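# Observations on chain architecture
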Amino acid sequence: MPLKNRGLIYQINLKCCHIYTSPKKFSSLFNGPSEVDGKVVPFLDGANRESSRKVDGVRQVVDNVCHILESGPWGPTLENALSLLNEKPQPELVIGVLRRLKNVNAAVNYFRWAERKTDQAHSPEEYNSLLMVMARSRKFDCLEEIMEEMSIAGFGPSNYVCVELVVSCVKSQNLREAFDLIQTMRKFKFRPAFSAYTTLIGALSAVHESDLTLTLFHQMQELGYEVSVHLFTTLIRVFAREGRVDAALSLLDEMKSNSFDADIVLYNVCIDCFGKVGKLDMAWKFFHEMKSHGLMPDDVTYTSMIGVLCKADRLEEAVELFEQMDSSRTVPCVYAYNTMIMGYGSAGKFDEAYSLLERQKQKGCIPSVIPYNCILTCLGKKGRVEEALRIFEEMKKDAVPNLPTYNILIDMLCRAGKLEAALGIRDAMQEAGLFPNVITVNIMIDRLCKAQKLDEACSIFEGMDHKVCTPDAVTFSSLIDGLGRRGRVDDAYRLYEKMLDSNQIPNAIVYTQLISNFFKCGRKEDGHKIYKEMIHRGCSPDLMLLNTYMDCVFKAGETDKGRALFEVIKAQGLIPDVRSYSILIHGLVKAGFANETYELFYAMKEQGCVLDTRAYNTVIDGFCKSGKVNKAYQLLEEMKTKGHQPTVVTYGSVIDGLAKIDRLDEAYMLFEEAKSKRIELNVVIYSSLIDGFGKVGRIDEAYLIMEELMQKGLTPNVYTWNCLLDALVKAEEIDEALVCFQSMKDLKCIPNQITYSILINGLCRIRKFNKAFVFWQEMQKQGLKPNTITYTTMISGLAKAGNIVDASGLFERFKASGGIPDSASYNAMIEGLSNCNRAVDAYALFEETRLKGCNIHTKTCVVLLDALHKAECLEQAAIVGAVLRETAKSQHASRSW
């Protein structure tokens, strides 16, 4: 059979070459009878019968070639089979095969094989047929190579093929690929079809790719295509919607310079788009301009302008325009009424909204479900649930509630915590023949999770009929986050596993929720595992996830890993935003690396990040903690000029920074400025000032700040009291400090380790050692562990007071707990033991002191020497005497030098 077909094709190939020069002729041959003037003309004469037989023969060969190509992978065996079927395939055969193939790799291989066998270049029709295979399969790996060959051969893709290539990309939502495809054509000096440009511009404008649409528009102009008002309108709409007013106005000017007159569609687009981005004055300008050009506003114009005015809270103007429109009409404009009703509802003027509904009825137009849904939505936002339920009952007289109606009611009831009522509405929906869709379920689960009613949310999830309503990614995400936020992270993870089992693919939002909630529960290792699992499953992290993960890692104290994650953001091809830098700076400041703030701040500026209030606060805090208080002050002023109001955090950072470097007058001025701006100051700011004034001995100001703090109804915390106590102790106002200490306890503020250490150190400083020891014992009873300074101070104090037994006990306990006594402790203990006639113990400690490398005072040596002589320990006395002489010599040499 193959040989017979082969012979047949050899008999007819020379005669039928001319048949296939036109694709239309080729197509008609393959489709049997032809149509002439709308009538089917069968092939009745001999010539036609012969032609029909030839076409059938070609079709059979095409079928055989396609069967071979589909039988297995390309290779020598397949090539040999093709050679046996047809040694030198003609263009009509190649075209026929390519039109049938769907696999682009098979098509390219056959295309190259035919080229080698005939040793001739392919015709334009053959190249276009190959491009059509690429369009059908949406695979363009070889596109540039094929187009380069076509360019060298001196022809390009046909307009039809060009459009089909673009349309295939648009249908698969690969708009960037479609854009690149047109750029490839331009690279080889081809002229893409007009429809290819307009199709792609329309698709790109729908997804707000304004810059790409403008590039294509300019290319069309360069190629000499005549652009229309409609095309200008499309571009102006996309730029105006993005708020890029200058670009939109530039296009308008260009359109006018090309002698195009704006039509009503363009004016309506301008009014709607400019108005929605807050350019109300411009919307008004277009409204008046169109009337001056003789164009009368239509329903769309009025409705758009009314909607823009309502959104801008200029309700009076909206009402005036609405009345102007309505008075000139016998039949009310439903869209304008709906817009005006929504405007009244958003402003909380529900009586006016109800009045407008009645007016619509009086004009013979029964309101649809839409205005009622608008009113219900606004009532829900205002929290007027009972009124909404009343309107719901009234609306049934005019309109049948639809699914959005029920969803609006369920949403507001769940927000108000009225679960039973929400379930009642759900049941009413089912009785009305409407079944809750996934949006309904998502609303209920999300609102219940936010109201912390997790068991009810889980119950609704478990009760879903998966045959009628299948949970989607939003359903799982809401419940996973709700469970995680309440600490039920294991339940959240089990739900994540159920999501995987139901063939739902978790997105970056779900992984962000899991990571964040595991870290918040203190289970950082599980948080790290979730991130690794996400990477393993092929889900690419987005910037929000990486920012959240980095924030969690820094808060968990993993500074190096936090730094590494910042680099991961850049390695992923993402651009760190202002939040990324804020998290990094805040994390490093908390870890003690505030000195890096300066470099990171300028890196953020160079990248073009626009600082928000949080970013300013973070950077200002970093500058203050790294000693760059002047820079922080400058940034505070910059923050004000940029329109960001400083918060209590901002003032707190700068006041604390100034107080720490004794610039207290400036700190107090900022303190007064913050109060004048009615910022609610917190205990932290008051404590910073108390600490600053106390450290420089301005006790009276510190007291005044403390009094003001308490008058404001704030409660001083332990840090505040410690600042005041420390100031009093350093001023040797120990009695006043003890009064403050008692006040602190009276106000139920529990003293901490630092509180007792301050008092003990202060009492020892004025040699009230026994009183200090009383506080020491009280501290021990409270279960508080003294620090090294407190230990050494207490040991020295007890030893100097002659209470050598307690001093020795503390000394040994301190060493047993891993403490390292300082030189003052050793010297005090040696003197104390010597004065208590315990010369041998004193000498043993003397030797220990020398071994530790601590300095032994001359006075200590003299006291010990006397004690040893009294105890007749002459050998030890001789050693101490030798040390004393060496000390004296070194001191004499030092003075001589």
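Keep in mind it's a predicted model, so treat the numbers as computed, not measured.

### Some details on the packing of aromatic side chains
Applying the stated criterion to the full structure yields 30 aromatic pairs. Taking NZ or CZ as reference, K285 lies 4.6 Å from the ring centre of F286, over its face. Sitting over the face of the ring of F593, R563 holds its NZ or CZ atom 5.0 Å from the ring centroid.

### Thoughts on the packing of helix α33 (residues 578-590) against helix α35 (residues 613-625)
For the pair α33 and α35, the least separation of the axes is 9 Å and the interaxial angle reads 30°. Compared by their axis directions, α33 and α35 come out roughly parallel. Our pair here, α33 against α35, has a crossing hand that is left-handed. Here V578, R579, S582, I583, I585, H586 and V589 of α33 lie close against α35, whose contacting residues are R614, A615, T618, V619, D621, G622 and K625. Of the residues in the contact of α33 with α35, the class split is six nonpolar, four polar and four charged.

### Some words on the environment of R563
By secondary structure assignment, the location of R563 is in helix α32 (residues 559-571). Given a relative accessible area of 27%, R563 falls into the partly exposed group. Along the sequence, R563 and L588 sit 25 residues apart, while their C-alpha atoms lie 8.6 Å from each other. A polar atom in the side chain of R563 sits 2.6 Å from the side chain of E596.

### Considering the packing of helix α20 (residues 350-362) against helix α21 (residues 369-381)
Two elements in contact, α20 and α21, have axes separated by 11 Å at closest approach and are oriented at 170°. Classed by the angle they form, the pair α20 and α21 counts as roughly antiparallel. Along the contact surface, α20 presents F350, A353, Y354, L357 and K361, while α21 presents P371, Y372, I375, C378 and L379. Partitioning the contact of α20 with α21 into residue classes produces nine nonpolar, no polar and one charged.

### Quick notes on helix α29 (residues 508-520)
Think of an α-helix as turning once every 3.6 residues; residues three or four places apart then point the same way. Compared with an ideal rise of 1.5 Å per residue, which puts 13 residues at 18 Å, α29 spans 18 Å between its outermost C-alpha atoms and is within 8% of the ideal. Burial runs high along α29: 11 of the 13 residues are buried. Along α29, the residues classified as buried are A508, V510, Y511, T512, Q513, L514, I515, S516, N517, F518 and F519. Along its buried surface, α29 packs onto α27 (473-485), α28 (489-501), α30 (524-536) and α31 (543-555). Directly after α29, the chain includes G522, whose backbone phi takes a positive value near 80°.

### What about the state of the cysteines?
Applying the stated criterion across every chain, the model contains zero disulfides. Lacking any disulfide linkage, C624 is separated from the closest cysteine sulfur, that of C723, by 17 Å. The thiol of C740 is not disulfide-bonded; the next cysteine sulfur, from C749, is found 12 Å away.

### Considerations on unusual backbone geometry
A positive phi angle, near 65°, is found at D662, a position not held by glycine. With respect to the element layout, D662 can be found in the loop between α37 (648-660) and α38 (664-676). The phi torsion at E732 lies on the positive side, around 55°, for a residue other than glycine. Its location among the elements puts E732 in the loop between α41 (718-730) and α42 (734-746). By relative accessible area, E732 is classed as exposed at 52%.

### Comments concerning the pattern of salt bridges
Inspection of the entire model under this criterion finds 59 salt bridges. Across the salt bridge formed by R100 and D63, the nearest N and O atoms sit 2.5 Å from each other. Separated by 37 residues along the polypeptide, R100 in helix α5 (residues 91-100) and D63 in helix α3 (residues 46-69) bring together distant segments of the chain. Owing to a relative accessible area of 41%, R100 belongs among the partly exposed residues under this scheme. D272 serves as the salt-bridge partner of K276, at 3.3 Å between the closest nitrogen and oxygen.

### Some thoughts on helix α4 (residues 76-85)
Residues of α4 that are buried include every one of L78, L82, S83 and L85, and no others. Buried residues along α4 cover an arc of 160° about the axis, so they all sit on one side. Opposite its buried face, α4 presents the exposed residues P76, T77 and L84, each directed more than 90 degrees away.

### Considerations on the side chain of S825
Along the polypeptide, S825 turns up in helix α47 (residues 823-835). Residue class for S825 comes out buried when judged on its relative accessible area of 0%.

### Let's talk about the side chain of T650
On the secondary structure map, T650 appears in helix α37. Taking relative accessible area as the criterion, T650 reaches 0% and is therefore assigned buried. Polar side-chain contacts of T650 include one of 2.9 Å to the backbone nitrogen of T647. Those residues within four positions of T650 in sequence are excluded, and the remaining contacts are N617, I620, L636 and M639.

### Some details on the confidence of the model for the protein chain
Residues of the protein chain with pLDDT of at least 70 account for 92%, and the chain-wide mean is 85. Ranking the helices and strands of the protein chain by mean pLDDT puts α31 first, with 94, and helix α1 (residues 2-12) last, with 31. Considering only residues more than four positions removed or in separate chains, one finds that residues 1-44, a stretch of pLDDT under 50, has 60 contacts.

What counts and what doesn't
Residues numbered from 1 in each chain as written. Predicted model: local features only at pLDDT ≥ 70, side-chain atom pairs only at ≥ 80, totals over all residues. Heavy atoms only, no water. Phe/Tyr/Trp six-rings, centres within 6.5 Å; stacked < 30°, edge-to-face > 60°. Lys NZ or Arg CZ within 6 Å of the ring centre and 35° of its normal. Axes fitted to C-alpha atoms, helices over the stretch in contact; angles between N-to-C directions. Helix = DSSP H or I, 4+ residues; strand = E, 2+ residues; numbered from the N terminus. Parallel < 35°, antiparallel > 145°, perpendicular 65-115°, else oblique. Left-handed = near helix turned anticlockwise from the far one by under 90°. Contact = heavy atoms within 4.5 Å. Nonpolar A, V, L, I, M, F, W, Y, C, P; charged D, E, K, R; others polar. Buried < 20%, exposed > 50% of the residue type's maximum accessible area, 1.4 Å probe, protein only. Polar contact = N/O pair within 3.5 Å; in protein donor to acceptor, adjacent residues only side chain to side chain. Expected span 1.5 Å × (residues − 1). Disulfide = S-S within 2.5 Å. Salt bridge = Lys/Arg side-chain N within 4 Å of Asp/Glu carboxyl O. Arc of directions from axis to C-beta. pLDDT = per-residue confidence, 0-100.

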